[in-house]
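The chain contents come next:
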2 protein chains.
Amino acid sequence: MNKDTGTKFSLHAQDGLARRGQVTTAHGVIDTPAFMPVGTVGSVKGLLPEQVAASGAQILLGNTYHLMLRPGAERVGRLGGLHRFMNWPGPILTDSGGFQVMSLSALRKMTEEGVTFRSHLDGSKHLLTPELSMEIQHHLDADITMAFDECTPFPATYPEAESSMERSMRWASRSKQAFQPRPGYGLFGIVQGSVHEDLRRRSVEALIDIGFDGYAVGGLAVGEGQETMLQVLDFTLPLLPAEHPRYLMGVGTPEDIVKAVQRGIDMFDCVIPTRAGRTARGYTPRGTLNLRNARHQEDSRPLDEACSCPACIGHSRAYIHHLFRAEEMLGPILLTLHNLHYYQSLMSGLRQAIEEGALDHFVQAFREQQALGDIPKTEAGT
Amino acid sequence: MNKDTGTKFSLHAQDGLARRGQVTTAHGVIDTPAFMPVGTVGSVKGLLPEQVAASGAQILLGNTYHLMLRPGAERVGRLGGLHRFMNWPGPILTDSGGFQVMSLSALRKMTEEGVTFRSHLDGSKHLLTPELSMEIQHHLDADITMAFDECTPFPATYPEAESSMERSMRWASRSKQAFQPRPGYGLFGIVQGSVHEDLRRRSVEALIDIGFDGYAVGGLAVGEGQETMLQVLDFTLPLLPAEHPRYLMGVGTPEDIVKAVQRGIDMFDCVIPTRAGRTARGYTPRGTLNLRNARHQEDSRPLDEACSCPACIGHSRAYIHHLFRAEEMLGPILLTLHNLHYYQSLMSGLRQAIEEGALDHFVQAFREQQALGDIPKTEAGT
């Protein structure tokens, strides 16, 4: 890959297998390990971009499948690209559409050429190919473009996983061919192979052969369970070139993230903090809370005394409980803000711990806090 | 009324009948003419309190009926009052519950004692009286408490309007008796009498006799039409004491507000800017827009080039159109923010015009702008 094009990765510190680095893109720098909030349809649900930035997020994820259907990738392109469209000046990574076309659309049919499907919005028929996925992500002006792949379903038989992985590798090659290299714009390949060590190895070898700016581990967090996911990371990550960022797609809970960072993952994305925020689930260092629970109804304390997010500064658990009970929009907004702050604060803690060579200590403290469970309820909250 | 208690009103300038003043309350000063955003159930829907303040709002309205049912006024009191509960440190006015108990609850029955009704939430039975309304507004810690009244329905026969007004005046007296005077906390009386000049006069006389910190004109904006509303203001406002603020309840459109300010109204509240924001209707100096309309789908211009609200700084009409089409929460949020900024900017313009003795000029320019209609659509937006 031409050294004048693509995203750049620099590794600043390591602690065990964990890595502290920076990805440099056309729209700015991402400190890794990084968590990317998901802005599915062109917004992180319920939040202004400045609120997302204030949480500490440096990069957002956008969804090719959603945006190609509405408002349309060419339209976003004519309006100046996704950064300008959603007023997010920082880096953006877009997925390839491969995962969501299989999970959301109707009457999908996969061939060597690509995936034919009907839109979940209006039933219109589309054919998504590696070449079109690259074109769409180019219109969106993604700093990091993901290769078009098939996320192998779980469970899959060995022959199914093998043929799915092999097709994804052919599509990765076509993605590379179709991608337009530019300075600051990178293309990431996606390792498939389900839970099989030899298939994952063959997939990594194929991707390295093609050459990418970063390597994602796909086909995980699809029902295989945390233990299996970590086993796959344990035998896959050592195969990946150290000089490129590693992205674990669609993961995950705070505990998933901590364990994957310990194994050498640099980037994450997940809808958990935002979706949980809309469904009254709050994340804190002492675990999760259900804000609809009556135990919070007269609790004047914030979600987390140590948190400095807009929800915890000035708003009580009782108030957020009330907002959810009364179905006020501000409930999901405040809790989404809080959850994103919690996730970013976790990432910041992980980065600092790696820099200080203190990751084991950090992880131990993280687990001890989580094991405590939520703060005891107040009398009035009963 | 003891001069050490209550809210204070100072009149700084007049232009014709229009007044530029300040109301001083326990939680701060309100520049008048003032518009109060409505925070029905303890939040201005979709916005953080700091976003509401940034729009220029100095005072919010809270609803006794909603808050007494959920989360309960005593609970709000135990949690430190409505300011602390919703994290709004500025002044708050609460309505008396009289209007909403008649419009929202089930099986309501009015007697001399008060109104018996069933909650629209759970069917529970309640009796709201002037005394209980005062107690609830005390728990809520309202800077401005409204007397408990009956908002006379429109149309009403003369005898109906008369007996309704007379009962409201007896309830006003009981409200005054039950209200706990404190420095910075005021009680406003409400003029009733439907569209009848003599009933309005008798109502004003009764209220002055009781003595209040401010005088509201109630029973308007209930279907009588703008012309009739203005006629009622024309014969009612000259009867009111100049040294107290005048509040036109539940009004209104920008044009309503301009015309009422010209007649000497100092305070307004209305759900229009917030409700419109949630239903894709945007307010600008050149009239209203429907952001769902396809004419905006590729329009890279902001709602209003001259507006400095968070929606207009950095977000296009095309983006807000997309958010509404995709049913993203951020659409209503951005448009509510914009509409509140527009309303506050209108109030600020009115205040400045009165100070400068240039209200006629301001109103003429306002009308000319409104008459222009929205900016012409772009080619791409067709």
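Keep in mind that what you see is a predicted model, and the values were worked out from it rather than measured. (Residues numbered from 1 in each chain as written. Chains lettered and ligands numbered in written order. Predicted model: local features only at pLDDT ≥ 70, side-chain atom pairs only at ≥ 80, totals over all residues. Heavy atoms only, no water.)

Asker: Please explain the overall build of chain A as it appears in this structure.
Answerer: Helices and strands together make up the secondary structure of chain A, namely 14 helices and 16 strands. Here the C-alpha atoms of chain A give a radius of gyration of 21 Å, agreeing with the 21 Å that 2.2 N^0.38 yields for 382 residues. C-alpha extents for chain A along the principal axes are approximately 65 × 50 × 40 Å. Expressed as a percentage of its 382 residues, the buried residues of chain A come to 59%. The long-range fraction of contacts in chain A, counting pairs at least 24 apart against all pairs at least 6 apart in sequence, stands at 68%. (Helix = DSSP H or I, 4+ residues; strand = E, 2+ residues; numbered from the N terminus. Rg over C-alpha atoms; globule rule 2.2 N^0.38 Å. Buried < 20%, exposed > 50% of the residue type's maximum accessible area, 1.4 Å probe, protein only. Contact = heavy atoms within 4.5 Å.)

Asker: What is the right way to read the pairing of strand β9 (residues 125-128) of chain B from this model?
Answerer: Successive residues of a regular strand alternate their side chains across the two faces of the sheet. All names here are of chain B. Where strand β8 (residues 115-118) meets β9, four bridges bridge the pair, whose relative direction is antiparallel. Within the sheet, the bridge partner assigned to Arg 118 lies in β9 and is Lys 125. A loop of six residues connects β8 with β9, the two strands running antiparallel in sequence, and Gly 123 in this loop sits at a positive phi of about 75°. (Pairing = 2+ DSSP bridges.)

Asker: It is not clear to me how the relation of the copies chain B and chain A should be interpreted in this structure. Could you clarify?
Answerer: Between the two copies of the chain lies a rotation about an axis combined with a shift along it. For the pair chain B and chain A, the best superposition has an RMSD of 0.0 Å and corresponds to a rotation of 180° with a translation of 0.0 Å parallel to the axis. Viewed as a symmetry operation, the transformation between the two copies matches a two-fold axis. Taken as a fraction of all interface residues of chain B, those also at the interface in chain A reach 100%, which identifies the copy contact as same-surface. (Least-squares fit on C-alpha atoms with pLDDT ≥ 70 in both.)

Asker: Any chance you could explain the packing of aromatic side chains here in plain terms?
Answerer: Note on aromatic pairs: each is described by the distance of the centres and the angle between the planes. All names here are of chain A. With the rule as written, the count across this model stands at 14 aromatic pairs over all chains. Counting every residue linked through ring pairs, the aromatic cluster contains Phe 35, Tyr 283, Tyr 342 and Tyr 343. Residue placement shows Arg 182 over the ring face of Tyr 185; its charged tip is 3.8 Å from the ring centre. (Phe/Tyr/Trp six-rings, centres within 6.5 Å; stacked < 30°, edge-to-face > 60°. Lys NZ or Arg CZ within 6 Å of the ring centre and 35° of its normal.)

Asker: I'm lost on the environment of Ala57(A) in this one. Help?
Answerer: With respect to the element layout, Ala57(A) can be found in the loop between α1 (49-54) and β5 (60-62). Measuring from C-alpha to C-alpha, the distance between Ala57(A) and Asp4(A) comes to 27 Å, with 53 residues separating the pair along the chain.

Asker: Help me understand the domain arrangement of chain A in this model?
Answerer: Accessible area lost upon the coming together of the parts is a frequently used measure of interface size. Residues and elements named next belong to chain A. Examined at the domain level, chain A breaks down into domain 1 (8-270) and domain 2 (276-372). Centre-to-centre separation of domain 1 and domain 2, based on C-alpha positions: 27 Å. Each partner contributes residues to the interface: domain 1 has 31 residues there, and domain 2 has 24 residues. Summed over both sides, the interface between domain 1 and domain 2 buries roughly 2300 Å², with carbon and sulfur atoms accounting for 71% of that surface. (Domains from an automatic or database assignment. Buried area = accessible area lost by both parts, 1.4 Å probe.)

Asker: Sorry if this is basic, but what is going on with the pattern of salt bridges here?
Answerer: Note that side chains of opposite charge can pair when their charged atoms are close. Residue and element names in this part refer to chain A. The final tally for this structure, using the stated rule, is 36 salt bridges over all chains. Measuring nitrogen to oxygen at the nearest pair gives 3.0 Å for the salt bridge that ties Asp 266 to Arg 19. With a gap of 247 residues between them, Asp 266 in the loop between α10 (254-262) and β14 (267-269) and Arg 19 in strand β2 (residues 18-25) connect regions that are remote in the sequence. Residues Asp 266 and Arg 19 agree in their burial class; the two are buried. Taken together, the shared-partner salt bridges connect Arg 20, Asp 31 and Glu 355 into one network. (Salt bridge = Lys/Arg side-chain N within 4 Å of Asp/Glu carboxyl O.)

Asker: Before we go on, may I ask you to explain the UniProt feature "binding site: Zn(2+)" (unreviewed entry) in chain A in this structure?
Answerer: Residues and elements named next belong to chain A. UniProt tags Cys 307, Cys 309, Cys 312 and His 338 as "binding site: Zn(2+)" (unreviewed entry). Across 32 residues, the annotated set stays spatially compact, with a maximum C-alpha separation of 8.2 Å. Since its relative accessible area comes to 0%, Cys 309 is described here as buried. Non-local contacts of Cys 309, meaning those with residues more than four positions away in its chain, are made with His 338 and His 341. Here His 338 lies in helix α13 (residues 330-355). Other than its neighbours up to four places away in sequence, His 338 contacts Tyr 283, Thr 284, Leu 303, Asp 304, Cys 307, Cys 309, Ala 311 and Cys 312. Reaching out from His 338, the side chain makes a polar contact with the backbone oxygen of Tyr 283 at a distance of 2.7 Å. (UniProt positions renumbered as here; feature names shortened; annotations may be inferred. Polar contact = N/O pair within 3.5 Å; in protein donor to acceptor, adjacent residues only side chain to side chain.)

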